[in-house]
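Structural description and commentary
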Amino acid sequence: MAKVTLKNVFKYYDKNVPAVDDFSMDINDREFIVLVGPSGCGKSTTLRMIAGLEEISKGELYIDDKLVNDIPPKNRDIAMVFQNYALYPHMTVFENMAFGLKLRKTPKTEIQKRVHDAAKILELTDLLDRKPKALSGGQQQRVAVGRAIVRNPKVFLFDEPLSNLDAKLRVQMRTEISRLHNTLQSTMIYVTHDQMEAMTMGDRIVVMKDGLVQQVDSPLNLYNAPKNKFVAGFIGSPAMNLLDATVVQNGALWLSDGKIKIKLPQRLEKKLSNFIGKKIIFGIRPEDIDEKEKAAKQPQTAIVSLAAEVIEPMGNESFLYANTGANKIIARLSPDLNLQNGEEIELAFNMGKAHFFNAENEEVIN
């Protein structure tokens, strides 16, 4: 397999606005990297530059320490799986998977072996004589992946391969691709706008916004230690509550937000001592809020009384939506929540899990 290195890579469509802005990264051999971000953030453009389908405006791209900027896609030894599968409708599954090998004049016996080996891994053996129209969406996706596997490439590239599938199939294929990575021990670079896919699949995740890399980290570190407001709000489902607030001094430090004030534990008083009188952004995840009666009693718990606006029973849990005055809050509570819309509830905020961001630059306050 292969190591992939991007050094100060830029892509310009408009001379003044880079679609990808100074992207630098070392992707290790056998690593599973996920590029994630909203539409237009530059993740697919980055993938297409690695594939050679987009020209690099500035910077250097290396595959196995070899500069490949000017090497055409067919000579980069990569395989790409697209969003729309791109299967030939008049060919059987076998012929679709074998097509690239035939173009390279691979011996017939080798083609047979590679296709059947890939079909066995992907559980396609019984479907080799069918044409794409006779396959389900998940089966077509596996054929597209199989076509990539048979080439034994140095690097696999996936461009939003699951976005055309329904929710149940997406979960299934997510597991299939992760299992495939473990089996093949290959270098994989995967693009998605779905942070759930990113969190469950990647060894490391690259979070992008407006062509810029916001943070590169493990899924757990992205969740527990986001470097800025954007990453904090993008990673996690439901999203982190991000509240405009002011740090005030009243015998101790408090967060003042509309109708509520939150007492800060002593550890956080010290952390925010340079922000007294200043605006900050207070972040807390829905799962770090609980009903007062069910919260563990600890010095880092802050009690807040709010009126319920909407309650969504989800079966195994309930989502509570409330208004603090200046902001809206969502809490992830127990499924047996006995509450009516408009009714007051006392919520316990686990301030030990709270996040704080500078309101001016939106960077985390350490």
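Okay, so let's go over this structure. (Residues numbered from 1 in each chain as written. Predicted model: local features only at pLDDT ≥ 70, side-chain atom pairs only at ≥ 80, totals over all residues. Heavy atoms only, no water.)

On to the sheet that holds strand S3 (residues 32–36), then. Judged by pairing direction, the sheet is mixed, and its six strands sit side by side in the order S6-S7-S8-S3-S9-S10 without closing on themselves. Here the strands that pair on one side only, and so sit at the sheet edges, are strand S6 (78–81) and strand S10 (212–217). Pairwise comparison of adjacent strand axes, ignoring direction, gives a mean angle of 15 degrees for this sheet. Examined bridge by bridge, strand S9 (residues 204–209) and S10 share five bridges and lie antiparallel to one another. (Pairing = 2+ DSSP bridges. Helix = DSSP H or I, 4+ residues; strand = E, 2+ residues; numbered from the N terminus. Axes fitted to C-alpha atoms, helices over the stretch in contact; angles between N-to-C directions.)

Where helix H4 (residues 137–149) meets helix H5 (residues 167–184), the closest approach of the two axes is 11 Å, and the angle between their N-to-C directions is 20 degrees. The angle between H4 and H5 places the two elements in the roughly parallel class. The crossing of H4 and H5 is right-handed. Taking contact as the criterion, the partners of Gly138, Gln141, Arg142, Val145 and Ile149 in H4 are, on H5, Leu169, Gln172, Met173, Leu180 and Leu184. Along the lines of polarity and charge, the residues of the contact of H4 with H5 split into six nonpolar, three polar and one charged. (Parallel < 35°, antiparallel > 145°, perpendicular 65-115°, else oblique. Left-handed = near helix turned anticlockwise from the far one by under 90°. Contact = heavy atoms within 4.5 Å. Nonpolar A, V, L, I, M, F, W, Y, C, P; charged D, E, K, R; others polar.)

Here we take up the pattern of salt bridges. Counted according to the given criterion, the structure contains 16 salt bridges. When the shortest N-O distance is used, the salt bridge between Asp64 and Lys154 registers 3.6 Å. A residue pair is termed long-range when its members are at least 10 positions apart, and Asp64 in the loop between strand S4 (58–63) and strand S5 (66–67) and Lys154 in the loop between H4 and strand S7 (155–159) qualify at 90 residues. The partly exposed category is assigned to Lys154, whose relative accessible area is 30%. The partner of Lys113 in a salt bridge is Asp117, with the nearest N and O atoms 2.9 Å apart. Taken together, the residues span about one helical turn, with Lys113 and Asp117 both in helix H3 (residues 108–121) at a distance of four residues. It is possible to trace a salt-bridge network through shared partners that takes in Lys11, Arg48 and Glu54. (Salt bridge = Lys/Arg side-chain N within 4 Å of Asp/Glu carboxyl O. Buried < 20%, exposed > 50% of the residue type's maximum accessible area, 1.4 Å probe, protein only.)

Geometrically, the link from Ser237 to Pro238 is a cis peptide bond, its omega value of -5 degrees lying close to zero. Relative to the assigned elements, Pro238 resides in the loop between helix H8 (229–234) and strand S11 (241–249). At Asp77, a position not held by glycine, the phi torsion is positive, near 60 degrees. Note that Asp77 resides in the loop between S5 and S6. Positive phi outside glycine occurs at Lys105, with the angle close to 60 degrees. In this fold, Lys105 is placed in the loop between helix H2 (93–103) and H3.

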